[in-house]
Amino acid sequence: MNMQVSHYILFLGILASSFTACSDKAFTEINTDPNRPSSVPTPSILVQAEKQLMDNIRSESINLKAAQLFSQYYSQNIYTDQSRYDISTSFSDGYWSNAYKVLNNLTEIITINTNEATKSIATAGTAGSNVNQIAIARTLKAYVYHNLTDVFGDIPYESYGNKDTDFEALQQEPANYTPRYATQEKIYVDLLNELKSAADTLYKYRSDNTFGKSDIIYEGANEKWFRFANSLRLRLSNRMQGKNKALADQHFKEALAQGVISGNSENATFKYSVSSPNEAPLFRATVTANRKDYAVSHVLINVLKGELGPIKNVDPRLSKYALPNASGQFIGQPYGLPLEAAGVNGPNDISLPSAEVNAANFPETLLEFSEVQFLISEHNNWDESAYRNGVKASLEKWNVAAADVEKYLNVLPKANKEQVLTQKYLALYTQGIESWSEIRRTGYPLFLVKKGDIVWNRITDKGTVAYRFEPIFGTTIPNRLYYPIKEQTTNKANYQAALAKQGDDVLSTKIWWNK
């Protein structure tokens, strides 16, 4: 689709380009006129929105070059600028604009299901009832907004159930190209309410199916959708514990009582396709582009080998997360090397991401059972049972053999803050933004490389050279990313007002829940 649009995408831009969905059935369903959004069936809009959402939070710029590096899952082996926090403002541009495209598509589902002229048409075929479609759209919107605000802090926001005057994003009648920024505090409170309302509806109609096979995440199962909505409430409640404990505890308790993800079969995942152009983002960034400049970091490899951190046993996820090098050994790329040392280790010398992680049809995770269990463990003062359930769930998700699962659990240290948060870090592998957020929130795991740490003792014919981690900008892991450059020109007044509240537009400014 060739048209100029606002970066808030204040009209529907659905079904553009060559996307054809992620299941063979869904591929054939998308054959509509993008210039006539009112004629597009809501299941087709949902397919597009789900893929846009997943592509965006796993995009090369925001995930591979930023969050996965900040979390030290990966390390660069040619250019190391991003791992040393030299982050381009351009990284934010695509992530920001694409997120608002997703939100606009999800809002269109709500609009079609509330407009008297279209609401009866919206329920045709396998689409499901108006209220259920709205509830699923609200759940996904909450997920998108949560990821956006965790990356930037205060952002333009809008709500289906709250007409706060600070919630101005996506306004269409009349179009608002310069919306205010809502504070992250307001956003978090409203997201919890949005998720509660959506979960209540989906729970009430939990035996229904909405969107059918056009829903790549859950194939329309309302039962799984309400559990996902409530599990996301747990995540957000946990993150704002230090800011509004009473409200956080209330939502945590209510969500848990109604029902959350209770097994790996209920994990919220988006499975990509082996067919071009719908392969997983990492596959497109590495296999399709034939790039080998991102390897698994020495931090993660050494932890999984039991050589670093509080876990002194070999983790059976090692071979699930990484490939052995050409010599059959698991060797991580030293994290954050200076440029003169970055390319010394070639792709055959170090461990690249595993074939499973790099598969074209890799199922990317939005939220899973293991995380829910770790959240419960933390909420209940590092509960042992939930902690062990979380570890077991992660191992089983990665198809570790049953005997190896039991062997690992038999030597698992007792639950405490360090052990639970370390295991949560290991389980969040591939989920870059969420892992980065948890590191910012907790300061764990403790073994992550910090400024001045030796990351590689390289043996040369002239002796041993010790390379230390020296960030290019700042001294610690980035606390946020820069706002897009466009905001400084197209929405300057509101951009400046946001900075006056939150702090300078720099990587070191902490966002609300992290202050």
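On a predicted model such as this, the values are computed, not experimentally measured, just so you know.

**What to know about the packing of aromatic side chains**
Link 1 in the chain: What the rule picks out here adds up to 30 aromatic pairs.
Link 2 in the chain: Measuring from centroid to centroid gives 5.9 Å for Trp 96 and Tyr 483, while their planes differ by 90 degrees, and the two rings are edge-to-face. A residue pair is termed long-range when its members are at least 10 positions apart, and Trp 96 in helix 4 (residues 90–114) and Tyr 483 in the loop between strand 6 (463–468) and helix 19 (487–490) qualify at 387 residues.
Link 3 in the chain: With centroids separated by 5.0 Å and ring planes inclined at 65 degrees, the aromatic side chains of Phe 270 and Tyr 272 adopt a geometry described as edge-to-face. The burial state of Phe 270 is the same as that of Tyr 272; both residues are buried.
Link 4 in the chain: Here a set of aromatic residues connected by ring pairs shows up, and it is made of Tyr 73, Tyr 74, Tyr 321, Phe 362, Trp 398, Tyr 425, Tyr 429 and Phe 447.
Link 5 in the chain: Over the ring of Tyr 203 we find Arg 206, and its NZ or CZ is 4.1 Å from the ring centre.
Link 6 in the chain: Across from the ring centre of Trp 436, 3.8 Å away, lies the NZ or CZ of Arg 440, which sits over that ring.

**Considering the packing of helix 14 (residues 369–379) against helix 17 (residues 417–427)**
Link 1 in the chain: Direction vectors running N to C along helix 14 and helix 17 enclose 165 degrees, while the axes themselves pass 10 Å from each other. The orientation of helix 14 relative to helix 17 falls into the category roughly antiparallel. Read as a crossing pair, helix 14 and helix 17 show a hand that is left-handed. Packed against helix 14, whose contacting residues are Ser 370, Glu 371, Phe 374, Leu 375, Ser 377 and Glu 378, the element helix 17 presents Val 420, Leu 421, Gln 423, Lys 424 and Ala 427 at the interface.

**Side note on the pattern of salt bridges**
Link 1 in the chain: Applying the stated rule across the entire model yields 33 salt bridges.
Link 2 in the chain: The closest approach of N and O atoms between Arg 239 and Asp 150, which form a salt bridge, is 2.9 Å. Placement of the pair is Arg 239 in helix 8 (residues 222–239) and Asp 150 in helix 6 (residues 130–152), with a sequence separation of 89 residues.
Link 3 in the chain: By relative accessible area, which is 0% here, Asp 150 ends up buried.
Link 4 in the chain: Across the pair Arg 480 and Asp 505 runs a salt bridge, and its minimum N-O distance is 2.9 Å.

**Overview of unusual backbone geometry**
Link 1 in the chain: Cis geometry marks the peptide bond from Ser 276 to Pro 277; its omega dihedral reads 5 degrees.
Link 2 in the chain: Assignment of secondary structure puts Pro 277 in the loop between strand 2 (268–271) and helix 10 (281–288).
Link 3 in the chain: For the bond from Tyr 444 to Pro 445, the omega torsion is 5 degrees, close enough to zero to count as cis.
Link 4 in the chain: Counting through the fold element by element, Pro 445 comes out in the loop between helix 18 (432–442) and strand 5 (454–460).
Link 5 in the chain: Even without being a glycine, Leu 170 presents a positive backbone phi close to 65 degrees.
Link 6 in the chain: Within the fold, Leu 170 resides in the loop between helix 6 and helix 7 (184–204).
Link 7 in the chain: Overall, Leu 170 belongs to the buried group, its relative accessible area being 6%.
Link 8 in the chain: The phi dihedral of Glu 219 falls on the positive side, at around 50 degrees, and the residue is not glycine.
Link 9 in the chain: Assignment of secondary structure puts Glu 219 in the loop between helix 7 and helix 8.
Link 10 in the chain: The exposure class assigned to Glu 219 is partly exposed, which follows from its relative accessible area of 44%.

**Describing the pairing of strand 4 (residues 363–367)**
Link 1 in the chain: Counted residue by residue, strand 4 has 4 buried out of 5 residues, so it is predominantly covered.
Link 2 in the chain: As judged from the 4 bridges shared by strand 2 and strand 4, these two strands associate in the antiparallel manner. Bridge assignment links Phe 270 to a residue of strand 4, and that residue is Glu 364.

**Details of the environment of Tyr 74**
Link 1 in the chain: Within the secondary structure, Tyr 74 sits in strand 1 (residues 74–76).
Link 2 in the chain: Not counting the four nearest positions on each side in its chain, Tyr 74 is found in contact with Leu 64, Gln 68, Leu 69, Leu 282, Ala 295, Val 296, Ser 297, Tyr 335, Pro 353, Val 357 and Tyr 429.
Link 3 in the chain: Within the structure, the side chain of Tyr 74 is placed 3.5 Å from the side chain of Tyr 429, a separation counted as a polar contact.

**As for the confidence of the model for the protein chain**
Link 1 in the chain: Model confidence for the protein chain is summarised by a mean pLDDT of 92, while 92% of its residues fall at 70 or above.
Link 2 in the chain: Residue range residues 1–38 is modelled with pLDDT below 50. Its contacts to residues more than four positions away, or to other chains, number 90 contacts.

Conventions and cut-offs
- Residues numbered from 1 in each chain as written.
- Predicted model: local features only at pLDDT ≥ 70, side-chain atom pairs only at ≥ 80, totals over all residues.
- Heavy atoms only, no water.
- Phe/Tyr/Trp six-rings, centres within 6.5 Å; stacked < 30°, edge-to-face > 60°.
- Helix = DSSP H or I, 4+ residues; strand = E, 2+ residues; numbered from the N terminus.
- Buried < 20%, exposed > 50% of the residue type's maximum accessible area, 1.4 Å probe, protein only.
- Lys NZ or Arg CZ within 6 Å of the ring centre and 35° of its normal.
- Axes fitted to C-alpha atoms, helices over the stretch in contact; angles between N-to-C directions.
- Parallel < 35°, antiparallel > 145°, perpendicular 65-115°, else oblique.
- Left-handed = near helix turned anticlockwise from the far one by under 90°.
- Contact = heavy atoms within 4.5 Å.
- Salt bridge = Lys/Arg side-chain N within 4 Å of Asp/Glu carboxyl O.
- Pairing = 2+ DSSP bridges.
- Polar contact = N/O pair within 3.5 Å; in protein donor to acceptor, adjacent residues only side chain to side chain.
- pLDDT = per-residue confidence, 0-100.

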